[in-house]
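The residues making up each chain are set out below.
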Amino acid sequence: MASTPLIPLHPATSPVRLAPNGKRFFIWTIGCQMNEADSAKVAAMLQEVGYRRTEDETAADIVVLNSCVVRQAAEDKVAGKLNALAKLKRAKPEVPLVLTGCMVTNQQEKLRERFPHVDLFFDPSDFNQLQRVVPELADLEDDLAQLPHYYAPEAQGGRSGVTAFVPIIYGCNFLCSYCIVPYRRGKETSRPMADIVREVTHLVDGGVREVTLLGQTVNAYGHDLSDGRGLADLLRAVDAIPGLERLRFLTSHPKYMSDEIIDTMAELRTTCEHMNLPVQAGDDEVLRRMRRTYTRDLWRERIAYTRGKMPGVTIATDVIVGFPGETEAQFLQTYDLLQAVACDKVHLAMYSPRPGTLSARWADDIPHEEKQRRHQELEQLQERLCTERNARRLGDTEEILVEGMAKGRWTGRTRGNTLVHFDDERDVLGKLVDVRITRTTPWFLMGEPVGEPH
Ligand code: SF4
């Protein structure tokens, strides 16, 4: 039941529902883009009912922690933060302390015992629960699905940022042996396509020019929906939104990277020529024990198909080194695969056992020094490959979407997701600028603007 007539709900530039009530919220977030998007939604909800943000937890009228458990270290960090907040809670018992994120799912009873000073635990994206400590939110219940996962601080004068994350599917049906996500985020649950399109439309109306669609297995989108539509259909629907310039999506699973999705990426105007496709290891026996459900050849073939459809497409992947039982020969399979495929970006991680997962029951038998050596080998390989690749881009002109300033220079990314820095007297925030590359490094490019920003 809405209390006041609705103005289009919270496009970044429209007035929020309730005037500032002098109250402040503090949100602390660790983990992936999904968590960032969920925290942005919580911020938008509180802003909607008159709260304003503070970066000082001691000045807040509500404190929200958004947790991650993908590694034991992440969970320990959250526990440390919660313990540190016990003192503040004793000093200000009236200030609600809230925990959400992957640490909460299926763990509420245990957490209540462990952290009795926490007032509310709510599962990731179960935003309705927040009204139990912020009664004003009850008013918002009917419109909650429409509220974007986006927060535009007042300081920006309501002017939105340039890019936004939009979760489209929660959870994962895979059971990779090293991963805790399925146990904490549950089964794949796709958001209705109409909600997503409405949310992106709001964001674009508010000035956002690039949207990244998010999911742990984003290309499983729609598998649980009855209308038979999938990610390719959603890309088409979002691509059609007037004013959107760029569209990205992550994180994909090789098993679901269909010809239809790749063909659609190649066809649409806004879908950027960049693919994030984790491989995790280059040896089939290791992939089998990781329960990844594909072979190195399938992953390689998907990359080749993508490069055939979109010449110049850039590829990012994820790799874990030092998985239990990984022999030198199996590690060299990963090395050889990365050398042959030459990705633009490789997110490297050293294996660490995650209690509650299948692989945590196996001996973590690769010594830490050896994990470090393998990690370094791949890092050096990647640096060499990116140095060679980027050197060939000297003198090219790239279209950059300017996201902000870094070290006094404008910064943004190409459609291929490469970071570019350049100088420009003009205010080009949020603009598309053609930049001629004048200097290259393995990790970013530098250049000078040519022509008029648009
Ligand atoms: S695909 Fe595997 S690694 Fe990714 S979230 Fe699902 S279980 Fe975890």
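Asker: Would you take a moment to explain the overall build of the protein for this structure?
Answerer: For the protein, the count of helices and strands is 11 helices and 18 strands. For 454 residues, the compact-globule estimate of 2.2 N^0.38 gives 22 Å, and the C-alpha radius of gyration of the protein, at 23 Å, lies within 12% of that figure. With respect to the principal axes defined by its C-alpha atoms, the protein has extents near 60 × 60 × 45 Å. Counting all 454 residues of the protein, 55% fall into the buried class. A sequence separation of at least 24 residues applies to 72% of the contacts in the protein between residues at least 6 apart. For the protein, the distance from the average position of its 57 positive side-chain charges to the average position of its 65 negative side-chain charges is 2 Å.

Asker: Which parts of the structure should I look at to understand the site of the ligand?
Answerer: Looking at the ligand, the residues that line it are Cys-172, Phe-174, Cys-176, Tyr-178, Cys-179, Val-181, Pro-182, Gln-216, Thr-217, His-253 and Arg-292. A breakdown of the residues in the shell around the ligand according to their chemical character gives seven nonpolar, three polar and one charged.

Asker: Just to check I follow, could you spell out the sheet that holds strand β11 (residues 274-276) for this structure?
Answerer: Whether parallel or antiparallel, the strands of a sheet pair through hydrogen bonds between backbone atoms. Pairing in this open sheet of three strands is parallel, and the strands run β11-β12-β13 from one edge to the other. Of all strands in the sheet, those with a lone pairing partner are β11 and β13 (345-350), marking the two edges. With direction set aside, neighbouring strand axes in the sheet form an average angle of 15°. Where β11 meets strand β12 (residues 314-321), three bridges bridge the pair, whose relative direction is parallel. Pairing of Asn-276 across the sheet is with Ala-316, part of β12.

Asker: Help me understand the nonpolar core in this model?
Answerer: One broad rule of soluble globular proteins: the nonpolar side chains tend to lie buried together. Grouped together as the largest cluster of nonpolar side chains are 65 residues, with contacts concentrated most on Ile-168, Leu-213, Leu-234, Phe-249 and Trp-299. Those residues in contact with Ile-168 that lie beyond four places of it in its chain are Thr-189, Ser-190, Arg-191, Ile-196, Leu-213, Leu-214, Val-218, Tyr-221, Leu-231 and Leu-234. Ala-60, Ala-74, Val-104 and Phe-115 belong to the second largest nonpolar core, which has 25 residues in total.

Asker: Explain the pattern of salt bridges here, please?
Answerer: Inspection of the entire model under this criterion finds 38 salt bridges. Here Glu-328 and Arg-373 are joined by a salt bridge, their closest N and O atoms 2.7 Å apart. Of this pair, Glu-328 sits in helix α10 (residues 328-341) while Arg-373 sits in helix α11 (residues 368-391), placing them 45 residues apart in sequence. A residue is classified by how much of its surface remains accessible, and Glu-328, at 34% relative accessible area, is partly exposed. For Arg-373, a relative accessible area of 28% corresponds to the partly exposed category. A salt bridge links Asp-364 to Lys-371, with the nearest nitrogen and oxygen atoms 2.9 Å apart. Residue classification places Asp-364 among the partly exposed residues on the basis of a relative accessible area of 35%. Taking the relative accessible area as the measure of exposure, Lys-371 reaches 5% and is therefore buried.

Asker: Would you explain the pairing of strand β9 (residues 210-214) in this entry?
Answerer: Where a strand is regular, its side chains alternate between the two sheet faces. The buried fraction of β9 is high, at five of five residues. Of the two faces of β9, the one carrying Glu-210, Thr-212 and Leu-214 and the one carrying Val-211 and Leu-213 are both buried. Summarising the sheet, β9 and strand β10 (residues 246-250) pair through five bridges and their orientation is parallel. Paired with Leu-214 across the strands is Leu-250, a residue of β10. For the crossover from β9 across helix α6 (residues 231-239) to β10, the handedness is right-handed.

Asker: Which parts of the structure should I look at to understand the environment of Asp-139?
Answerer: Structurally, the position occupied by Asp-139 is in the loop between β5 (120-122) and β6 (163-167). As for Asp-139 and Val-49, which are separated by 90 residues in sequence, their C-alpha atoms are 8.8 Å apart.

Calculation criteria
- Residues numbered from 1 in each chain as written.
- Predicted model: local features only at pLDDT ≥ 70, side-chain atom pairs only at ≥ 80, totals over all residues.
- Heavy atoms only, no water.
- Helix = DSSP H or I, 4+ residues; strand = E, 2+ residues; numbered from the N terminus.
- Rg over C-alpha atoms; globule rule 2.2 N^0.38 Å.
- Buried < 20%, exposed > 50% of the residue type's maximum accessible area, 1.4 Å probe, protein only.
- Contact = heavy atoms within 4.5 Å.
- Lys, Arg positive; Asp, Glu negative; His and termini not counted.
- Charge placed at Lys NZ, Arg CZ, Asp CG, Glu CD.
- Near = heavy atom within 4 Å.
- Nonpolar A, V, L, I, M, F, W, Y, C, P; charged D, E, K, R; others polar.
- Pairing = 2+ DSSP bridges.
- Axes fitted to C-alpha atoms, helices over the stretch in contact; angles between N-to-C directions.
- Core = buried A, V, L, I, M, F, W, Y, C linked by side-chain atoms within 4.5 Å.
- Salt bridge = Lys/Arg side-chain N within 4 Å of Asp/Glu carboxyl O.
- Right-handed = clockwise from strand over helix to strand, strands pointing away.

By themselves, these are just geometric observations and shouldn't be taken as functional.
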